[in-house]
Amino acid sequence: MPGIAAPVLAALTQFAVGGLWAQTLVPLPAIQRGFFVICTLSLLAVEAIVLWVLGATAAGPTLLPTGTGLPLLGAAAFGASLLAYLVSLGLAGEKGIRFTRAVALLLGGGLLGLEAWGGGEGLGPLGFPLRLGNAARGAGLLGLAFVGMLLGHSYLNAPHLPLRLIDRLSRIFLWAVLARGCYPVVTGALLWAGGGLAPGLALVGLQEHLLLVILRLGVGVGGSLTVALIIRNCLRLPNVQAATGFYYVAMLSVFLGEVLGRFLLALANLPL
């Protein structure tokens, strides 16, 4: 799949997996199930788009379709588990909901692992764990921004909700942005020490795609960090409505950053 399509699909998959993970930070009894239904419906719609594109481009239902960079069967299994979780939200008790969500989380993590396994040439023995860590951090960041945005809307309909729910989510989001910003430094140090990607090759890759690197770090990390700090300031007032608005901006900055990061990973094997 040429061009930007594969990085966008990878980012959408991260979004679906991360959105499911971020839901676990909101306790089931603390909010109406409608919140989880809307969140899961959105994630299922995103995963359906990924499956539709993969199905249209893959030659067959192989585990790792050539050229797509995303495992078709893994995506299908994760989509089915999301649907089962959605059904359980309407029909099952709390134990059933937790079980189906745990299965979906397991399959989502496996999907990220399969996608990370399908590359990493030039990164040496650290290729798989570094690619997996890169995908997991991106998924967490996207999921936190999305769930924070939906949770903020819940306060408009149910102002009695305790502020601690969105306050905790915003703190975790801030730390997740900081961890995302530190990851390229940690990755570079590990590759340098472990004999993976040669420093000269890394420098060549950085020079050739310097504008993309600046945009990826400036928008995806710097922009997201600025918005995360503004959200924290809004919640200190507290002003949940303003914080919700800034979560929209966070969604844009994080998603753009992750797409650019995936593009750099495909172009120059740089896990940024």
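What counts and how
Residues numbered from 1 in each chain as written. Predicted model: local features only at pLDDT ≥ 70, side-chain atom pairs only at ≥ 80, totals over all residues. Heavy atoms only, no water. Helix = DSSP H or I, 4+ residues; strand = E, 2+ residues; numbered from the N terminus. Buried < 20%, exposed > 50% of the residue type's maximum accessible area, 1.4 Å probe, protein only. Contact = heavy atoms within 4.5 Å. Areas by Shrake-Rupley, 256 points an atom, 1.4 Å probe, with all protein chains shown as cover. Salt bridge = Lys/Arg side-chain N within 4 Å of Asp/Glu carboxyl O. Core = buried A, V, L, I, M, F, W, Y, C linked by side-chain atoms within 4.5 Å. Expected span 1.5 Å × (residues − 1). Bend = angle between axes of the 7 residues up to and from the residue. Axes fitted to C-alpha atoms, helices over the stretch in contact; angles between N-to-C directions. Parallel < 35°, antiparallel > 145°, perpendicular 65-115°, else oblique. Left-handed = near helix turned anticlockwise from the far one by under 90°. Nonpolar A, V, L, I, M, F, W, Y, C, P; charged D, E, K, R; others polar. Phe/Tyr/Trp six-rings, centres within 6.5 Å; stacked < 30°, edge-to-face > 60°. pLDDT = per-residue confidence, 0-100.

### Quick look at the overall build of the protein
Logical step 1: If you tally the helices and strands in the protein, you get nine helices and zero strands.
Logical step 2: Looking at the protein as a whole, 50% of its 272 residues are labelled buried.
Logical step 3: For the protein, the share of sequence-separated contacts (at least 6 apart) that also reach a separation of at least 24 residues comes to 76%.
Logical step 4: Here the protein displays about 12100 Å² of accessible surface, and carbon together with sulfur accounts for 73% of that area.

### With respect to the pattern of salt bridges
Logical step 1: With the rule as written, the count across this model stands at six salt bridges.
Logical step 2: Glutamate 94 is paired through a salt bridge with arginine 98; the nearest N and O atoms lie 2.8 Å apart. A residue pair is termed a helical-turn pair when its members lie 3 or 4 positions apart in one helix, as glutamate 94 and arginine 98 do in helix 4 (residues 94–117) at four residues.
Logical step 3: Salt bridges here are not isolated pairs; linked through shared partners, they connect Asp167, Arg171 and Arg232.

### Here we look at the nonpolar core
Across soluble globular proteins, nonpolar side chains show a tendency to be buried alongside one another.
Logical step 1: Phe35, Phe36, Phe146, Val147, Leu151 and Phe173 are the most contacted members of the largest nonpolar core, which has 62 residues in total.
Logical step 2: The element best represented in this core is helix 5 (residues 127–157), accounting for twelve residues.
Logical step 3: The contacts of phenylalanine 35, once residues within four sequence positions are left out, are Val26, Val147, Leu150, Leu151 and Ser154.
Logical step 4: Of all hydrophobic cores here, the second largest spans seven residues; its members include Leu212, Val213, Leu264 and Leu272.

### Some points on unusual backbone geometry
Logical step 1: In this chain, leucine 237 is followed by proline 238 through a cis amide linkage whose omega measures -5 degrees.
Logical step 2: Tracing the sequence through the fold places proline 238 in the loop between helix 8 (210–236) and helix 9 (240–268).

### A short note on helix 8
Logical step 1: With 27 residues, helix 8 extends 37 Å between its outermost C-alpha atoms, agreeing within 8% with the 39 Å of an ideal straight helix rising 1.5 Å per residue.
Logical step 2: Of all the bends in helix 8, the largest measures some 25 degrees and sits at glycine 218.
Logical step 3: Within the sequence span of helix 8, burial applies to Leu212, Val213, Arg216, Gly220, Val221, Ser224, Val227, Ala228, Ile231, Arg232, Cys234 and Leu235.

### So, the side chain of asparagine 134
Logical step 1: Position of asparagine 134 relative to the elements: it lies in helix 5.
Logical step 2: Residue classification places asparagine 134 among the buried residues on the basis of a relative accessible area of 2%.

### Looking at the environment of valine 37
Logical step 1: Tracing the sequence through the fold places valine 37 in helix 2 (residues 33–57).
Logical step 2: Taking the C-alpha atoms as reference, valine 37 lies 8.2 Å from glycine 90; in sequence the two are 53 residues apart.

### Thoughts on the packing of helix 1 (residues 5–23) against helix 2
Logical step 1: Where helix 1 meets helix 2, the closest approach of the two axes is 9 Å, and the angle between their N-to-C directions is 155 degrees. In terms of orientation, helix 1 lies roughly antiparallel with respect to helix 2. Remark: the crossing between helix 1 and helix 2 carries left-handed chirality. Along its contact with helix 1, which presents Leu9, Leu12, Thr13, Phe15, Ala16, Gly19, Leu20 and Gln23, the element helix 2 presents Phe36, Cys39, Thr40, Leu43, Val46, Glu47, Val50, Val53 and Leu54.
Logical step 2: Here the contact of helix 1 with helix 2 is built from residues that sort into twelve nonpolar, four polar and one charged.

### Details of the packing of aromatic side chains
Logical step 1: Across all of its chains, the model carries four aromatic pairs by this definition.
Logical step 2: A centroid spacing of 5.2 Å and a plane angle of 80 degrees characterise the contact between phenylalanine 35 and phenylalanine 36, whose relative ring orientation is edge-to-face.
Logical step 3: Judged by its relative accessible area of 7%, phenylalanine 35 is buried.
Logical step 4: With a centroid separation of 5.0 Å and an interplanar angle of 70 degrees, the aromatic rings of tryptophan 117 and phenylalanine 128 are classed as edge-to-face. Here tryptophan 117, found in helix 4, pairs with phenylalanine 128, found in helix 5; they are eleven residues apart in sequence, far enough to count as distant.
Logical step 5: Residue classification places tryptophan 117 among the exposed residues on the basis of a relative accessible area of 59%.
Logical step 6: By relative accessible area, phenylalanine 128 is classed as partly exposed at 30%.

### What about the environment of glycine 143?
Logical step 1: Here glycine 143 lies in helix 5.
Logical step 2: In the structure, glycine 143 is positioned 129 residues away from glutamine 14 in sequence and 8.1 Å away in space, judged by C-alpha atoms.
Logical step 3: If we skip the residues at most four places from it in the chain, glycine 143 touches Gly18, Gly19 and Ala22.

### Focus on the confidence of the model for the protein
Logical step 1: Per-residue confidence for the protein averages 84 on the pLDDT scale, and 84% of its residues sit at or above 70.
Logical step 2: Across residues 59–69 the pLDDT falls below 50, and counting only partners more than four positions away or on other chains, this stretch makes 21 contacts in the model.

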